[in-house]
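# Structural overview
Here is what each chain is made of, one letter per residue.
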Amino acid sequence: MTTTPGTPERSAYDAVVLAGGAARRLGGTDKPAVSVGGRTLIDRVLSACAGAARTVVVGGRRPTVRPVLWAREDPPGGGPLAALDAGVRHCRAETVVVLSADLPFLGPGTVGSLLAALGGAAPGGEAGTPTEGALLTDAAERDQPLVAAYRLEPLRREIALLATEYGSLSGLPLRLLTRELDLVRVAADARASFDCDTWEDIAAARARIREHGYVLDEWIAAVSAELGIDLDVDTHGLLDLARDAAHGVARPAAPLTTFLVGYAAARAGGGPDAVAEASRKAAALAARWAAESDDQGTQPGNGDGPGDARSGGATAG
């Protein structure tokens, strides 16, 4: 793969997920372990950065959807800047994506946008000059430094300088770090930047994933994560197939047909192409099946053909 000098490959990054904090507005509940749409908040965030070469989670150990490295700030509860320092100490890639563990609607697309923006020109710099970071802004244009991609060396440099200046990183706000870095901003839709700080936020997130237009994608993502499937398939194509099977054959044929398509795709080696080919064959079969049903009214022997005795045609004389 050819890349422009100074532009990170999208796959060449590490991720740091901050999963600590007291969650006081949740009554001390372990916020990353709260479930939204059948998946914990931390697992939803880990799915968004699944392309990371190495993922470091800073916080207490807990079950996760995929393997991660664990780290902890010293002392625990020292705040996001201290937690970030603990995480980046384990990073090796030139680029690190930094995420908080309370973003239910963060997806790989947003992470990709941050990585792509990181290859742009620094504010006030020459064209092609690498930026030191790209961070998300919410609908109110507020910076989200914990939904960002940074170059590792400038990040480590500024964290070290702050530790020297203040004697400790504990309790320091993240703005002390971000104001020292050359950053670009990436605008996000309201869903990507939505975070869960209160039980009202949790309730809103749980309701939102069940809205029309989102529920099927959310359900498929949840099932895929539960079954350990990482597959990008044509959901609308499969739904069309299920509809054709239900209408052209019988309603119970819909789930059975989609199951058989998946089974056939697996036997063919798996992958989106195998699913598409199995879907194509099943859809063609369903069309032929439906066409036969439509043609029944015009076939000889059903009362409409010219050789049928019941139609008034020639009879033995």
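Quick summary incoming for the structure in this document. Because the structure is predicted, anything quoted here is derived from the model rather than measured.

### Observations regarding the overall build of the chain
Secondary structure assignment for the chain yields 10 helices and nine strands. Burial status across the chain gives 41% buried among its 317 residues. Summarising the internal contacts of the chain: among those between residues at least 6 apart in sequence, 63% fall at separations of at least 24. Of the roughly 17400 Å² of accessible surface on the chain, 53% is carried by carbon and sulfur atoms.

### Some points on the sheet that holds strand β1 (residues 14-18)
Across a sheet, paired strands are connected by hydrogen bonds in the backbone, their directions being either parallel or antiparallel. Ordered in space as β5-β4-β1-β6-β8-β7-β9, the seven strands form an open sheet in which the pairing is mixed. Each edge of the open sheet carries a strand with a single partner, namely β5 (69-71) and β9 (183-187). Adjacent strand axes in the sheet meet at a mean angle of 25° when their direction is disregarded. Looking at chain direction, strand β6 (residues 95-100) and strand β8 (residues 143-151) are connected through five bridges and run antiparallel. Following the sheet pairing, Leu99 is matched in β8 by Val147. Where helix α1 (residues 41-48) meets the sheet, its contacts fall on β1, β4 (54-58) and β6, and the angle it forms with β4 comes to roughly 155°. In this fold helix α4 (residues 152-166) packs onto β6 and β8, with an angle of close to 120° to the strand it touches most, β8.

### Examining the pattern of salt bridges
All told, the structure shown has 15 salt bridges when counted by the stated rule. Two residues, Glu132 and Arg157, come together in a salt bridge whose shortest N-O distance is 3.2 Å. With Glu132 in the loop between α3 (108-117) and β7 (133-137) and Arg157 in helix α4, the pair connects residues that are 25 residues apart, well separated along the chain. By relative accessible area, which is 37% here, Arg157 ends up partly exposed. In this structure, Glu218 and Arg191 form a salt bridge, with 3.4 Å as the shortest nitrogen-oxygen distance.

### Points about the packing of aromatic side chains
In total, this model carries two aromatic pairs according to the counting rule given. Centre to centre, the rings of Phe105 and Phe194 are 6.0 Å apart; their planes meet at 50°, and the pair counts as tilted. With a gap of 89 residues between them, Phe105 in the loop between β6 and α3 and Phe194 in the loop between β9 and α6 (199-208) connect regions that are remote in the sequence. Note on accessibility: Phe105 and Phe194 belong to one class, buried. On the basis of an interplanar angle of 25° and a centroid distance of 6.3 Å, the ring pair of Phe259 and Tyr263 is categorised as stacked. With a gap of four residues between them, Phe259 and Tyr263 both fall in helix α9 (residues 253-267), about one helical turn apart. A cation sits over an aromatic face here: Arg208 above Phe194, 4.9 Å from the ring centre.

### A few points about the side chain of Thr55
With respect to the helices and strands, Thr55 occurs in strand β4. Within the structure, Thr55 has its side chain in polar contact with the side chain of Arg66 (distance 3.0 Å). Apart from residues no more than four positions distant in its own chain, Thr55 is found in contact with Ala15, Val17, Leu46, Cys49, Arg66, Val68 and Leu69.

The rules we used
- The written sequence of each chain sets the order in which its residues are numbered from 1.
- Side-chain atom pairs in this predicted model are given and counted only at pLDDT of 80 or more, local residue features only at pLDDT of at least 70, and totals for whole chains, interfaces and linings cover all residues.
- The basis for every side-chain value is the complete set of heavy atoms in the structure, and neither hydrogens nor water enter the calculation.
- Helix numbering and strand numbering both begin at the N terminus, where a helix is a DSSP run of H or I of at least 4 residues and a strand a DSSP run of E of at least 2.
- Between buried and exposed lies partly exposed: a residue is buried under 20% and exposed over 50% of the maximum accessible area for its type, with that area taken using a 1.4 Å probe on protein chains only.
- Throughout, a contact is declared for two residues whenever any of their heavy atoms are within 4.5 Å.
- Here the accessible surface of atoms and residues is derived via Shrake-Rupley with a 1.4 Å probe, and residues count as covered only by protein chains that are part of the display.
- Whether two strands pair comes down to DSSP finding at least two bridges between them.
- Between the N-to-C directions of two axes lies an angle of 0 to 180 degrees, each axis being a line fitted to C-alpha atoms and, for a helix, fitted only over the stretch in contact.
- What counts as a salt bridge is simple: a side-chain nitrogen of Lys or Arg found within 4 Å of a carboxyl oxygen of Asp or Glu.
- Between 30 and 60 degrees the pair is tilted, below 30 it is stacked and above 60 it is edge-to-face, where a pair is any two Phe, Tyr or Trp rings, Trp via its six-membered ring, whose centres lie within 6.5 Å.
- By the criterion adopted, a ring carries a charge over it if an Arg CZ or a Lys NZ lies within 6 Å of its centre and within 35 degrees of its normal.
- In protein, a polar contact requires one atom able to donate a hydrogen and another able to accept it; more generally it is a pair of N or O atoms within 3.5 Å, and residues adjacent in sequence count only if both atoms are side-chain atoms.

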